[in-house]
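A closer look at the structure
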Amino acid sequence: MEKVLVLDFGGQYNQLIARRVRECHVYCEVKPYTISLEEIQKAAPIGLIFTGGPNSVYDPASPHVDPRIFELGIPVLGICYGCQLMAYTLKGQVMPATEATAREYGKTQTHFETQDALFRGLPDTGITWMSHGDYIAKLPEGFGVTATTDACPNAAISHPGKKLYGVQYHPEVNHTENGLAMIRNFLYEVCGATGQWTMGDYLQRTVRQIREKVGTEKALLALSGGVDSSVAAALMAEAIGDQLTCVFVDHGFLRRKEAEEVEAAFSKWNLHFVRVNAEARFLEKLKGIADPEAKRKGIGEEFIRVFEEEGKKIGKVAFLVQGTIYPDVIESGLGDAAVIKSHHNVGGLPDYVDFREILEPLRMLFKDEVRQLGRELGLPEYLVSRQPFPGPGLAIRVIGDLTKEKLDILREADFIFREEIAKAGEDKNLSQYFAVLTNTRSVGVMGDGRTYDHTLALRAVTTSDFMTADWARIPYEVLDRISGRIVNEVRGINRIVYDITSKPPATIEWE
Ligand code: XMP
């Protein structure tokens, strides 16, 4: 299959570049810039993209490439640092910018040479997203200028004969107008891509590969109901049917109707679906524990015990399936200690179940591709597009010690919150939203009587990476409806507050 390699020079948008390429239906992988010429030739990519990076090409410690990379006959698109590196390596001149020359940050009006393959069919002016301290002062031999800004005479350069292209700005970010179209031009006009990467094809290919690999053996999967494990389960079910066993542990900390929804979604496949109703033993294990980390640890341990028991019942399992996705396995391009975070989302699943190998059928997919694959497999939309839900579930959204009564109160309130958010069409604007049962009680009045009940907190955030987040500006009238319904319909709650802290300094969850 045709593929593009993105060589990572340590920029902050590296994964985004790879996603953009795949959005153009071309398969692509991110590799550290240290990849050898032999490895590149073996991979036979139709094009290379050099990412941006924080360094200056003059810094001897900055990442460099073997100049012969430009003689392989493989088209190259250099972005920001990648562009400077190409110019520098091919004997052009790169200079540190001064105020008077070309230091540019942010949105910049840019003029394009639309004869150039990169800008063909696009408007000749537009906004680009710049972020560079160095600039190309002199072009390497054979190169021409294809875009300019007021401050930067060489905002894009190309050598069409050698199929080498460079842009000083970031076409992969949304702020650059027509950035995706420029990437598409590189792929289709320069690299000759035909657009073979579709989820339908991926599905067929992967099903074939899984069948070949698994043969007649058995596979086991811990199904949480989250997007990744659900899609992995559906994919495996499509491939090997009843050779697969999915163990779904209902720890009693799930949202209302959640376990039933997961079970219903998987009933259409001919697989062994084991739902373990373990609420009682989890509540027993966590009895009296109020500390958040102790709760997490207790739940993790108990989960493993349950999984282990089920694994033993099934016996002789050759493969353990995990829902690892691509962002977890991408190696960083910088530094000697390239970290590979594989198996990251599994959180200590046991190796005592008698299995021989780990299967990770989603390991080359981005999250949005996982969702697409789920749709392709016919998983219902509520499973495919759902917001993240922490493994310990509602246990870390009841502050302090847990009781079934508190969990039930939270389940009802959370259900109303989610229902009203969806009704108002706000769910599309939110990255994550949920209710938290605090351990504060306060005085209220209901009818003519005094109440002394729980305070519920509502939390809704917007974020792209869950590392930082902003509190969501939900319209007052929607909050008002939610508050009215919850205090009327849920016994035990007489006060509702809305969390207006961002992350940092708060975190998304309360515990
Ligand atoms: P915080 O609260 O750290 O959460 O801002 C960031 C994201 O991670 C989720 N989260 C968890 N997910 N096990 C999980 O599987 C956990 O223990 C856990 N704690 C937080 C949280 O829901 C948010 O999406």
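Remember, predicted model here, so these are calculated numbers, not experimental data.

When helices and strands are tallied, the chain shows 14 helices and 20 strands. A buried classification covers 54% of the 511 residues belonging to the chain. Expressed as a percentage of contacts within the chain between residues at least 6 apart in sequence, the contacts between residues at least 24 apart total 74%. In the chain, the 58 positive side-chain charges and the 70 negative ones have mean positions that sit 3 Å from each other.

By convention, interface size is frequently given as the accessible area that disappears when the constituent parts associate. Once the domains are mapped, the chain shows domain 1 (3-190), domain 2 (199-384) and domain 3 (397-498). On a C-alpha basis, the centroid separation for the pair domain 1 and domain 2 is 38 Å. With 15 residues of domain 1 at the interface, the matching set in domain 2 holds 12 residues. Contact between domain 1 and domain 2 buries roughly 1,100 Å² in total, counting both sides, with carbon and sulfur atoms accounting for 58%. Residue arginine 19 pairs with aspartate 368 through a salt bridge whose shortest N-O separation is 3.3 Å. In this structure, the connection of domain 1 to domain 2 is made through 4 residue pairs in polar contact (both at pLDDT 80 or more). Listing elements by their share of the side of domain 1 that touches domain 2, those giving two or more residues are helix 1 (14-23) and strand 2 (27-32). By residue class, the composition of the side of domain 1 that touches domain 2 is 8 nonpolar, 3 polar and 4 charged.

Attention now goes to the pattern of salt bridges. This structure, assessed with the given rule, holds 42 salt bridges. In this structure, glutamate 357 and lysine 213 form a salt bridge, with 2.7 Å as the shortest nitrogen-oxygen distance. One end of the pair, glutamate 357, is in strand 16 (residues 357-359); the other, lysine 213, is in helix 5 (residues 199-214), and 144 residues separate them in sequence. Among the residues examined, glutamate 357 registers a relative accessible area of 29% and is labelled partly exposed. In this structure lysine 213 comes out as partly exposed when scored by relative accessible area, which is 43%. Of the charged contacts in the structure, one is a salt bridge between arginine 397 and glutamate 509, with a shortest N-O distance of 2.8 Å. Of the two residues, arginine 397 is situated in the loop between helix 12 (381-384) and helix 13 (404-423) and glutamate 509 in the segment after strand 20 (493-498); the sequence distance between them amounts to 112 residues.

Here 9 strands make up an open sheet; going across it, the order is 2-1-3-4-11-10-9-6-7 and the pairing mixed. The sheet terminates laterally at strand 2 and strand 7 (125-132), the two strands that pair on one side only. Between one strand and the next, the sheet's axes are offset by a mean angle of 25°, whatever the strand orientation. Where strand 9 (residues 144-148) meets strand 10 (residues 156-159), 3 bridges bridge the pair, whose relative direction is antiparallel. From the neighbouring strand, valine 145 faces strand 10, where its bridge partner is isoleucine 157. Helix 3 (residues 81-89) contacts strand 3 (47-50), strand 4 (76-79), strand 7, strand 10 and strand 11 (164-167) of the sheet and is inclined by roughly 120° relative to strand 4.

Further remarks concern unusual backbone geometry. The omega torsion of the bond from lysine 503 to proline 504 falls at -15°, within 30 degrees of zero and hence cis. Structurally, the position occupied by proline 504 is in the segment after strand 20. With omega at 10°, the peptide bond leading from proline 504 into proline 505 counts as cis. If you trace the backbone, proline 505 turns up in the segment after strand 20. Phi angles above zero are rare outside glycine, and lysine 257 is one such case at about 70°. On the accessibility criterion, lysine 257 (43% relative accessible area) is partly exposed. The residue lysine 316 is not glycine, and still its phi comes out positive at about 45°. Position of lysine 316 among the secondary structure elements: in the loop between helix 9 (292-314) and strand 15 (319-321).

For the rest of this paragraph, the subject is the site of the ligand. If you check the shell around the ligand, you find Arg296, Pro388, Pro390, Gly391, Pro392, Gln432, Phe466, Lys503, Thr507, Ile508 and Glu509 and nothing else. The contact in question runs from an oxygen atom of the ligand to an N or O atom on the side chain of arginine 296, over 2.6 Å. With the chains in place, 69% of the 500 Å² that the ligand exposes on its own is no longer accessible. Classifying every residue of the shell around the ligand gives 5 nonpolar, 3 polar and 3 charged.

If you trace the 5 strands from one edge of the open sheet to the other, you get 14-13-12-15-16, paired in parallel fashion. Only two strands of the sheet have a single partner each, and these edge strands are strand 14 (272-277) and strand 16. Strand after strand, the sheet turns through a mean of 25° between neighbouring axes, direction not considered. Together, strand 12 (219-223), strand 13 (244-250) and strand 14 form the strand contacts of helix 7 (residues 258-266), whose direction differs from that of strand 14 by roughly 170°.

A few words on the environment of cysteine 28. In this structure, cysteine 28 sits in strand 2. By relative accessible area, cysteine 28 is classed as buried at 0%. Sequence separation between cysteine 28 and leucine 402 is 374 residues, and the spatial gap between their C-alpha atoms is 46 Å. When sequence neighbours within four positions are dropped, the list of residues in contact with cysteine 28 reads Val4, Val6, Ala18, Val21 and Arg22.

Bringing the packing of helix 8 (residues 279-286) against helix 9 into the picture now. The interhelical angle for the contact between helix 8 and helix 9, taken along N-to-C directions, is 145°, at an axis separation of 10 Å. At the point where helix 8 passes helix 9, the crossing takes the right-handed sense. Contacts from Arg281, Phe282, Lys285 and Leu286 in helix 8 reach Lys295, Gly298, Ile299, Glu301, Glu302, Phe303, Arg305, Val306 and Glu309 in helix 9. Taken together, the residues that form the contact of helix 8 with helix 9 break down as 5 nonpolar, 1 polar and 7 charged.

Thresholds applied
Each chain has its residues counted from 1, following the order in which its sequence is written. Given that the model is predicted, a residue must reach a pLDDT of at least 70 before its local features are reported, and side-chain atom pairs must reach 80 or more before they are shown or counted; all residues, however, enter totals for whole chains, interfaces and linings. Just so you know, side-chain values use all the structure's heavy atoms and leave hydrogens and water out. By the criteria applied, helices consist of DSSP H or I runs no shorter than four residues and strands consist of E runs no shorter than two, each listed in order from the N terminus. Relative accessibility decides the category of a residue: with a 1.4 Å probe and only protein chains considered, values under 20% of the type maximum give buried, values over 50% give exposed, and everything between is partly exposed. Residues count as neighbours in contact if any of their non-hydrogen atoms are within 4.5 Å of one another. Counted charges follow a simple rule, with Lys and Arg positive, Asp and Glu negative, and His plus the chain ends left uncounted. Lys charges are placed at NZ, Arg charges at CZ, Asp charges at CG and Glu charges at CD. Where each domain starts and ends comes from a domain assignment, either automatic or drawn from a database. Accessible surface is computed with a 1.4 Å probe, and the buried area is the amount of it that two parts give up when combined, taken over both parts together. Only one rule defines a salt bridge in this text: a Lys or Arg side-chain nitrogen within 4 Å of an Asp or Glu carboxyl oxygen. Two N or O atoms count as a polar contact when they lie within 3.5 Å, although within protein this holds only if one can serve as hydrogen donor and the other as acceptor, and sequence-adjacent residues are included solely when both atoms are side-chain atoms. When residues are grouped by polarity, Ala, Val, Leu, Ile, Met, Phe, Trp, Tyr, Cys and Pro land in nonpolar, Asp, Glu, Lys and Arg in charged, and all others, Gly among them, in polar. Two strands pair under a simple rule: DSSP has to find at least two bridges between them. Lines fitted to C-alpha atoms define the axes, with helix axes restricted to the stretch in contact, and inter-axis angles between N-to-C directions lie between 0 and 180 degrees. We call a residue near a molecule or strand as soon as one heavy atom of that residue lies within 4 Å of the molecule or strand. Areas reported here follow the Shrake-Rupley algorithm with a probe of radius 1.4 Å; residue values treat only the protein chains shown as occluding. By definition, any crossing whose near helix is turned counterclockwise from its far helix by less than a right angle is left-handed, and any crossing with a clockwise turn is right-handed.

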